[in-house]
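A closer look at the structure
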Amino acid sequence: MQLSQFTDYALRTLILTALNADRRTTIDEVATAYGISKDHVRKVVHQLTRLGFLQATRGRGGGIRLGMPADRIRVGDVVRGTETTFAMAECLRPGSCGPDAGPGGGGCPIDGACRLTGMLRGAAEAFLAELDRHSLADVTANRAALLERLAPAA
């Protein structure tokens, strides 16, 4: 399983914001710290704000802060909120196989007889369950080392 670039950027944005808990973090700081375009960071911040993980303040002196304590932000919830699909194979995509497949949908000919779909679905659920065990506070527990590596931005 591979996370999208959007989710990667979302997690990185939350990490830097958590490290700067005593002040607002700017989109410019996030973009500079990770070498990401400001446009990408803006989109990520918009989604994270919509989901309640961040609070954003516009204008001079504005920036972003965590929308809740870091120990309440579950990594699994962030991934669920930023990933568009957990379909590791075509058979997990809605409407691609089985009775709800579209016309000429090129569905899998062994759908319904193969047990791989259930195994992949279980693997995705286990993956998310593991991420649910960890909070943003866990991710940023090595604060000193993180700040050292992000020194110009933090």
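Located above this text is the structure these notes cover.
Each value, and the rule that gives it
Residues numbered from 1 in each chain as written. Predicted model: local features only at pLDDT ≥ 70, side-chain atom pairs only at ≥ 80, totals over all residues. Heavy atoms only, no water. Core = buried A, V, L, I, M, F, W, Y, C linked by side-chain atoms within 4.5 Å. Buried < 20%, exposed > 50% of the residue type's maximum accessible area, 1.4 Å probe, protein only. Helix = DSSP H or I, 4+ residues; strand = E, 2+ residues; numbered from the N terminus. Contact = heavy atoms within 4.5 Å. Salt bridge = Lys/Arg side-chain N within 4 Å of Asp/Glu carboxyl O.

Another point: the nonpolar core. Ranked by size, the top nonpolar core spans 24 residues in total, and within it L14, L48, L66 and L136 carry the most contacts. Listed by contribution, the elements that provide at least two residues to this core are helix 1 (5-19), helix 2 (27-34), helix 3 (38-50) and strand 2 (63-66). In terms of residues, this core owes the most to one element, helix 1, which gives 7 residues. Those residues within four positions of L14 in sequence are excluded, and the remaining contacts are L48, F53, L54, L66, I73, V78 and L136.

Before going further, it helps to examine the pattern of salt bridges. In this structure the tally under the stated criterion is 7 salt bridges. Notably, a salt bridge pairs R23 with E29, separated by 2.8 Å at the nearest N-O pair. Residue classification places E29 among the buried residues on the basis of a relative accessible area of 16%. A salt bridge links D77 to R80, with the nearest nitrogen and oxygen atoms 3.4 Å apart. Note that D77 and R80 are positioned in helix 4 (residues 75-82) at a spacing of 3 residues, about one turn of the helix. For R80, a relative accessible area of 34% corresponds to the partly exposed category.

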